[in-house]
Amino acid sequence: MKKRLALLAMVAALAVSAVACGKTEEKPKDGDKKTESTTENKDKPLVWFNRQPSNSSTGDLDMAALSFNDDTYYVGFDANQGAELQGQMVKEYIEANIDKIDRNGDGVIGYVLAIGDIGHNDSIARTRGVRKALGTAVEKDGAIVSDPVGTNGDGSATVVKDGQVGSLKVRELASQEMKNSAGATWDAATAGNAIGAWASSFGDEIDIVISNNDGMGMSMFNAWSSDKKVPTFGYDANSDAVAAIADGYGGTISQHADVQAYLTLRVLRNALDGVDVDTGIGTADEAGNVLSEDVYVYKADERSYYALNVAVTAENYKDFTDSTVVWKPVSNQLSEETSPTKKVWLNIYNASDNFLSSTYQPLLQNYDDLMNLDVEYIGGDGQTESNITNRLGNPNEYDAYAINMVKTDNAASYTALLQ
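These numbers come from a predicted model, not from an experiment. (Residues numbered from 1 in each chain as written. Predicted model: local features only at pLDDT ≥ 70, side-chain atom pairs only at ≥ 80, totals over all residues. Heavy atoms only, no water.)

**Side note on the nonpolar core**
What counts, and what does not: Here, nonpolar core means buried Ala, Val, Leu, Ile, Met, Phe, Trp, Tyr and Cys residues that are tied together by side-chain atoms lying within 4.5 Å of each other. Burial classification: accessible surface area is computed with a 1.4 Å probe over protein chains only, and a residue below 20% of its type maximum counts as buried, one above 50% as exposed, and the rest as partly exposed. Numbered from the N terminus, helices here are DSSP runs of H or I no shorter than four residues, and strands are runs of E no shorter than two. Residues are treated as being in contact if the distance between any of their heavy atoms lies within 4.5 Å.
Membership of the largest hydrophobic core comes to 97 residues, with the highest contact counts inside it found for Trp-48, Leu-134, Trp-198, Ile-208, Leu-291, Tyr-305 and Leu-346. Considering every element that reaches this core, the biggest residue donor is helix H8 (residues 257-273), with 8 residues. If sequence neighbours within four positions are ignored, Trp-48 has contacts with Pro-53, Ala-65, Leu-66, Thr-72, Tyr-73, Tyr-74, Val-75, Ile-403, Met-405, Ala-411, Tyr-414 and Thr-415. Residues Ala-237, Ala-241, Ala-244 and Val-312 belong to the second largest nonpolar core, which totals 10 residues.

Next comes the structure, spelled out in structure tokens:
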């Protein structure tokens, strides 16, 4: 009896030691003996997505977070290429409608701009892209200023200047960060309220409404610009925004969410399988999945995959009506033998964000079965990292992690849990 008790005590001690070291137990296949993984949490595959670890003030990448371990990457989209594309889309719309777009005939094309998050690289890029294309950009220290203008009815603001498209002057009448009282940014309700205030101030001086994303854009469109027949431009190609193009929504940008969602899970799958990270991406896998060079780029020095963007306008919007359809070239099922089921912890920074909840997560859920990944989806409140990190109570349960931060500066809030 004493020998048996001693043996049980030793087994219990070993089990506690394994958990303390951050190890996970692999589920045995039928007929196999139970085996224990030697992978510690700090060495498990990690992908940052949608919010790139970076300094919100300078935009400098957080390479410590991007290089957390050998299997850490970022997945997003080419923010600068997409931002320039959005600005060009608006400019081309003005040029094509130059004889009728000036609603009050004052010779000035007035636009208002909904800014998502003044500290977010994507938001900064989109604000800069619009201002550059419309000639309203002001440079400081070699970069276009992306600060909100507040109101600028008389054109005297210092963060922007009056631009020119064809024979018409272009002026940014107003812009602000859409941040609610609880601290959530990219807030659609705030944008809906803002357009009401701007309309009261400027009335028919507003000729165009521009937004850093479709969530805010559609809120302004539904609240005011649809009724006033004022073209509204967003970003993300959400299904409701694409459908609204038929009713006067000016256009949006597809950031190839189908490709992004695939890459988010694919880099984890490759690391879990111990194959080259390019498998099923630039190099076809055994199932025939492969991406062409015109839909993504990889920047090795940034350890980042970027999907490329496409303008969605009245000419092509019918091709983008369902934003949750997987990208056909990478829609083939992986084999359970070579890619056995693994468990992934994945969070969405804001469960109320239209793009992430209505487009990105459904795409992830369509891909996770194809890749034999058992993904636990966590929805945050869009305000605090702790609302998310508190629900990663036992990282040992998971084989890999996919993280969408509230703020780009806060990567350490997550990596500290995996040390």
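**What about the packing of aromatic side chains?**
Note the cut-off: Two rings from Phe, Tyr or Trp (for Trp, the six-membered ring) form a pair when their centres are within 6.5 Å of each other. A pair whose planes differ by under 30 degrees is stacked, one over 60 is edge-to-face, and the rest are tilted. Only when the NZ of Lys or the CZ of Arg is both within 6 Å of the ring centre and within 35 degrees of the ring normal is a charge said to sit over the ring.
By the definition in use, this model includes 12 aromatic pairs. An angle of 75° between the planes, with centres 5.3 Å apart, marks the rings of Tyr-93 and Phe-233 as edge-to-face. Of this pair, Tyr-93 sits in helix H3 (residues 79-96) while Phe-233 is found in strand E12 (residues 232-233), placing the two residues 140 residues apart along the sequence. Accessibility expressed as a relative area gives 28% for Tyr-93, which makes it partly exposed. Judged by its relative accessible area of 0%, Phe-233 falls in the buried class. Feature note: the residues Tyr-73, Tyr-296, Tyr-298 and Tyr-305 constitute an aromatic cluster, connected by ring pairs. The lysine or arginine in question, Arg-126, covers the ring of Tyr-235, its NZ or CZ lying 3.7 Å from the ring centre. Above the ring of Tyr-73, the side-chain terminus of Arg-303 is found at 4.6 Å from the ring centroid.

**Here's the deal with the pairing of strand E18 (residues 373-379)**
This is how the line gets drawn: Two strands qualify as a pair provided DSSP detects at least 2 bridges between them. Crossover handedness is defined by viewing with both strands directed away from the observer: a clockwise path from the first strand over the helix to the second marks the crossover as right-handed.
Sheet topology places strand E17 (residues 342-348) next to E18; 7 bridges connect them, and they run parallel. By the bridge assignment, Ile-348 is partnered in E18 with Gly-379. In this view, the connection linking E17 to its parallel neighbour E18 by way of helix H9 (residues 354-370) has right-handed handedness.

**Thoughts on the pattern of salt bridges**
Applicable threshold: Every case where a carboxyl oxygen of Asp or Glu lies within 4 Å of a side-chain nitrogen of Lys or Arg is listed as a salt bridge.
Per the stated rule, a full pass over the model turns up 8 salt bridges. Two residues, Arg-171 and Asp-162, come together in a salt bridge whose shortest N-O distance is 2.8 Å. Residue classification places Asp-162 among the partly exposed positions, given a relative accessible area of 26%. A salt bridge links Lys-343 to Glu-397; the nearest nitrogen and oxygen atoms lie 3.9 Å apart. Of this pair, Lys-343 sits in strand E17 while Glu-397 sits in the loop between helix H10 (386-389) and strand E19 (400-403), and the two are 54 residues apart along the sequence. On the basis of relative accessibility, which here comes to 26%, the residue Lys-343 falls in the partly exposed class.

**Overview of the confidence of the model for the chain**
What counts is decided by this rule: Values of pLDDT, ranging from 0 to 100, describe the predictor's confidence in every residue of the model.
Summarising the model, the chain shows a mean pLDDT of 92, and 91% of its residues fall at 70 or more. Long-range and interchain partners of residues 1-36, a stretch whose pLDDT sits below 50, account for 31 contacts in this model, where long-range means more than four residues apart.

**Re helix H4 (residues 121-134)**
Every α-helical turn comprises 3.6 residues, leaving residues that sit three or four positions apart pointing alike. Here is the rule: Working rule for helices: expected span equals 1.5 Å times residues minus one.
Spanning 14 residues, H4 covers 20 Å between terminal C-alpha atoms, matching the ideal 20 Å at 1.5 Å per step. Most of H4 sits out of view: 12 of its 14 residues are buried. Within the sequence span of H4, burial applies to Asn-121, Asp-122, Ser-123, Ile-124, Ala-125, Arg-126, Thr-127, Gly-129, Val-130, Arg-131, Ala-133 and Leu-134. On its buried face, H4 sits against strand E4 (72-77), H3, strand E5 (108-115), strand E9 (163-165), strand E10 (168-177) and strand E11 (206-211). Just downstream of H4 lies Gly-135, where phi reads positive at about 75°.

**Structural notes on the packing of helix H5 (residues 188-202) against helix H6 (residues 214-228)**
Here is the rule we go by: Comment: axis = line fitted to C-alpha atoms, over the contacting stretch for helices; angle = value between 0 and 180 degrees taken between N-to-C directions. Angles are sorted into four bins: roughly parallel if under 35 degrees, roughly antiparallel if over 145, roughly perpendicular if 65 to 115, and oblique for all others. We call a crossing left-handed when the near helix sits turned anticlockwise from the far one by less than a right angle, and right-handed when that turn is clockwise. Residues are sorted three ways: Asp, Glu, Lys and Arg are charged, Ala, Val, Leu, Ile, Met, Phe, Trp, Tyr, Cys and Pro are nonpolar, and all the rest, Gly among them, are polar.
Close contact between H5 and H6 brings their axes to 8 Å; oriented N to C, the two are set at 45°. Judged by the angle between their axes, H5 and H6 are oblique. Judged by the twist between their axes, the crossing of H5 over H6 is right-handed. Along its contact with H5, which presents Ala-188, Ala-189, Ala-191, Gly-192, Ile-195, Trp-198 and Ala-199, the element H6 presents Gly-215, Met-216, Ser-219, Met-220, Ala-223 and Trp-224. Grouping the amino acids of the contact of H5 with H6 by side-chain chemistry returns 10 nonpolar, 3 polar and no charged.

**Remarks on the pairing of E10**
Across the 10 residues that make up E10, a large majority, 8, are buried. As paired strands, E5 and E10 are joined by 8 bridges and run parallel to one another. Opposite Ile-109, over in E10, you have Val-170 as the bridge partner. Relative to E10, strand E8 (residues 150-151) runs antiparallel, the two sharing 2 bridges. What sits directly across from Gly-150, in E10, is Ser-175.

**Considerations on unusual backbone geometry**
Phi is positive for Lys-229, close to 60°, though the residue is something other than glycine. On the secondary structure map, Lys-229 appears in the loop between H6 and E12. Classification of Lys-229 as exposed rests on a relative accessible area of 69%. Backbone geometry places Arg-303, a non-glycine residue, at a positive phi of 50°.

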